[in-house]
Amino acid sequence: RCVRAYYYAQLMRMYGPVILLKDEQPDFSGTDMFRERNTWDECVQWITEEFTDLIENSPLPLKSEGETYARMNRGIAKAYLARILLQSASPQFNGNSKYANIRNADGTPLFPLTYDKNKWELARQAALSLIKDGNYDLVKVLYESGANMGEIDPYTSYKSVFTTSQNKEMIFSFLEDNGTIDKRLAPNSNGGWGGGYNPTQEIVDAYAMLETGRFPITGYTDDDRTTPIIDPDAGYQEVGYSQFTNPCEGNERKTYNMFVGREPRFYVSIVYGGMSWFIPKKASEKIYLEMYKNGNNGPDASHNHFTTGYNMVKLAMPEYEASPTKNVKRELPYIRYAEILLNYVEATIELGELKDPNLLTYWNAVRNRAGLKNIEEAYPEAMNDQDKLRDLIHRERRVEFAFEGINFYDSRRWLTAEETEKGDIHGMNIQAKGTPGKEEYPEDFFQRTVIEKRVFTPSFYLFPIPQSAINKNQDLVQNYKW
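Residues numbered from 1 in each chain as written. Predicted model: local features only at pLDDT ≥ 70, side-chain atom pairs only at ≥ 80, totals over all residues. Heavy atoms only, no water.

Below, the discussion takes up the overall build of the protein chain. Within the protein chain, the regular secondary structure consists of 15 helices and 12 strands. Its C-alpha atoms give the protein chain principal-axis dimensions of roughly 70 × 50 × 50 Å. For the protein chain, the residues scored as buried account for 55% of the 482 residues in total. Look at the contacts in the protein chain between residues 6 or more apart in sequence, and 66% of them connect residues 24 or more apart. Here the protein chain displays about 20700 Å² of accessible surface, and carbon together with sulfur accounts for 50% of that area. Side-chain charges in the protein chain split into 56 positive and 68 negative, and the spacing between the mean points of these groups amounts to 2 Å. (Helix = DSSP H or I, 4+ residues; strand = E, 2+ residues; numbered from the N terminus. Buried < 20%, exposed > 50% of the residue type's maximum accessible area, 1.4 Å probe, protein only. Contact = heavy atoms within 4.5 Å. Areas by Shrake-Rupley, 256 points an atom, 1.4 Å probe, with all protein chains shown as cover. Lys, Arg positive; Asp, Glu negative; His and termini not counted. Charge placed at Lys NZ, Arg CZ, Asp CG, Glu CD.)

Below, the structure written as structure tokens:
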């Protein structure tokens, strides 16, 4: 039952309202195949009832540990209930006028026609219920020596979420043991296929500055994101160079200022031009990355090159070796505790309850683990402004959950994807030519460069109902604009 409710929630995330069979066992012959979609609110209500009954009355364990790890439990049920209720409260599914004419044959609208503020309260209470259980927590690793001894080490803490098995933050995860993801992450020069997970300039722009805690890029001067608008209070420089030690690589180098002084989540997550691949434990494997045209990881070296001039390192396992291949056991997060905390924050902001003390407590727990100052210290001007806080929590979620598949759905439920997911997508200028073998980069590499153009139309907010399904079921109504 818990797996079934989970899959219904996943389908709704993609397609909107679906056909609820519940406990029915149809034979799917003849006209029994013809079923109309239930409404969105009917689907949410049934999933809520299922998860609630499982939470309150089932023999499911509170958490799954040991041999039962990653199997269904009450914590997973609570987490997915919190997620579907947050989605249901969001603009995409809460009085979205674009979906008003998506109706069954009898005229029943499949999506809610009016906004219901109370849906945010339901989402908030669902998140709070899981938080109060106390069965999960953020992963926090403390410095064991030095001037910061006893304080949170934000680099090791954030990295450990993705490299430490069965940690206290992971609510539900995918278990992998064949090293496929790490093979795609490792650079070509290290025996990997390093062209699979290359971050864009737009996500690089999203990370905050360490000293001020502010997000440096507030927007762009045009829809194609050619020229960034820089927050003058962030302490960010777009051009020029500084001597800087990347806290994860550990080497002092001449570094493009765009990459200097960013928050710990940036350095844990992204490798940029002018540094080594620092994941292997062996110092001899820390090969300097030449991402320019004639470099060891540039376009001329292999089709497995860094197409954006960046590579993702957040999910890479330290034990993995690409050549010869040494597979690793690892977890990929489906849902983790930090999401529940930020779900509560977002719902509270949307309710307008800006004085709720938990809003700052839960938000700052995530920021402090990441080495950032409290949100009210970084943005005192936003504390009584719902619109500004909404923008900031959107930014926080994009960074905290980068490369975890969360922003794909966040940008859709917020109805912001037409602004953020289309148009020119940028990286660095990987066609610049350098001098291989020297640990330096050509200056024309560090230029915002269009790497592809993306299309996003209003229809893309939902997946289309497959035509093959409509052919089998003449009562199915297609999604908006498909």
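Evaluated as defined, the whole model comprises 42 salt bridges. Glu339 is paired through a salt bridge with Arg83; the nearest N and O atoms lie 2.8 Å apart. A residue pair is termed long-range when its members are at least 10 positions apart, and Glu339 in helix 9 (residues 337–351) and Arg83 in helix 3 (residues 74–89) qualify at 256 residues. Given the relative accessible area of 8%, Arg83 is considered buried. In this structure, Arg124 engages Asp356 in a salt bridge whose closest nitrogen and oxygen atoms are separated by 3.0 Å. Of this pair, Arg124 sits in helix 4 (residues 118–133) while Asp356 is found in the loop between helix 9 and helix 10 (357–369), placing the two residues 232 residues apart along the sequence. Here Arg124 and Asp356 have matching classes, each one buried. Residues participating in the shared-partner salt-bridge network are Glu169, Glu263, Arg265, Lys314, Arg336, Arg367, Arg369, Glu396, Glu400 and Glu404. (Salt bridge = Lys/Arg side-chain N within 4 Å of Asp/Glu carboxyl O.)

This part covers the packing of helix 1 (residues 2–15) against helix 2 (residues 40–57). Where helix 1 contacts helix 2, the axes come no closer than 10 Å and their chain directions differ by 150 degrees. As the angle between them shows, helix 1 and helix 2 are arranged roughly antiparallel. The way helix 1 lies across helix 2 gives a crossing that is left-handed. Residues Cys2, Arg4, Ala5, Tyr6, Tyr8, Ala9 and Met12 of helix 1 pack against Trp40, Cys43, Val44, Trp46, Ile47, Glu50, Phe51 and Leu54 of helix 2. (Axes fitted to C-alpha atoms, helices over the stretch in contact; angles between N-to-C directions. Parallel < 35°, antiparallel > 145°, perpendicular 65-115°, else oblique. Left-handed = near helix turned anticlockwise from the far one by under 90°.)

Only a minority of non-glycine residues have a phi that is not negative, and only a minority of peptide bonds are not trans. Not every positive phi belongs to a glycine, and Phe403 is a case in point at roughly 70 degrees. Looking at where Phe403 falls in the secondary structure, it is placed in the loop between helix 12 (386–400) and helix 13 (406–413). We classify Phe403 as partly exposed; its relative accessible area is 29%. Backbone geometry at Lys481 places phi at a positive 70 degrees, although glycine is not the residue there. Within the fold, Lys481 resides in the segment after helix 15 (467–472).

Below, the discussion takes up helix 10. Compared with an ideal rise of 1.5 Å per residue, which puts 13 residues at 18 Å, helix 10 spans 18 Å between its outermost C-alpha atoms and is within 8% of the ideal. Restricting attention to buried positions, one finds in helix 10 the residues Leu359, Tyr362, Trp363, Asn364, Val366, Arg367 and Arg369. Looking at where helix 10 begins, the residue whose side-chain oxygen comes 2.9 Å from the main-chain nitrogen of Asn358 is Asp356. Within two residues after helix 10, Gly371 carries a phi angle of roughly 85 degrees, on the positive side. (Expected span 1.5 Å × (residues − 1). Polar contact = N/O pair within 3.5 Å; in protein donor to acceptor, adjacent residues only side chain to side chain.)

This part covers the packing of aromatic side chains. Under the counting rule described, the total for this entry stands at 37 aromatic pairs. Measuring from ring centre to ring centre gives 5.3 Å for Tyr158 and Phe162, while their planes differ by 80 degrees; the resulting arrangement is edge-to-face. Taken together, the residues span about one helical turn, with Tyr158 and Phe162 both in helix 5 (residues 154–163) at a distance of four residues. Assessed through its relative accessible area of 1%, Phe162 is described here as buried. Considering the side-chain rings of Phe259 and Tyr310, the 5.9 Å spacing of their centres and the 90 degrees angle between planes classify their relative orientation as edge-to-face. With Phe259 in the loop between strand 5 (252–256) and helix 8 (264–269) and Tyr310 in strand 7 (residues 310–312), this residue pair connects regions lying 51 residues apart in the sequence. Here the basic side chain of Lys63 rests over the ring of Tyr136, its NZ or CZ set 4.9 Å away from the ring centre. (Phe/Tyr/Trp six-rings, centres within 6.5 Å; stacked < 30°, edge-to-face > 60°. Lys NZ or Arg CZ within 6 Å of the ring centre and 35° of its normal.)

A few words now on the state of the cysteines. One pass over the full model with this rule turns up zero disulfides. Cysteine Cys2 shares no disulfide, and the gap to the nearest cysteine sulfur, in Cys43, comes to 17 Å. Among the residues examined, Cys2 registers a relative accessible area of 5% and is labelled buried. (Disulfide = S-S within 2.5 Å.)

Next up on the list: the packing of helix 1 against helix 3. Where helix 1 meets helix 3, the axes come as close as 11 Å, and the angle between the chain directions of the two elements is 25 degrees. Between helix 1 and helix 3, the angle falls in the class roughly parallel. Two packed elements cross with a definite hand, and for helix 1 against helix 3 that hand is left-handed. Packed against helix 1, whose contacting residues are Cys2, Tyr6, Ala9, Gln10, Met12 and Arg13, the element helix 3 presents Ala77, Tyr80, Arg83, Ile84 and Gln87 at the interface. Residue classes in the contact of helix 1 with helix 3 are distributed as seven nonpolar, two polar and two charged. (Nonpolar A, V, L, I, M, F, W, Y, C, P; charged D, E, K, R; others polar.)

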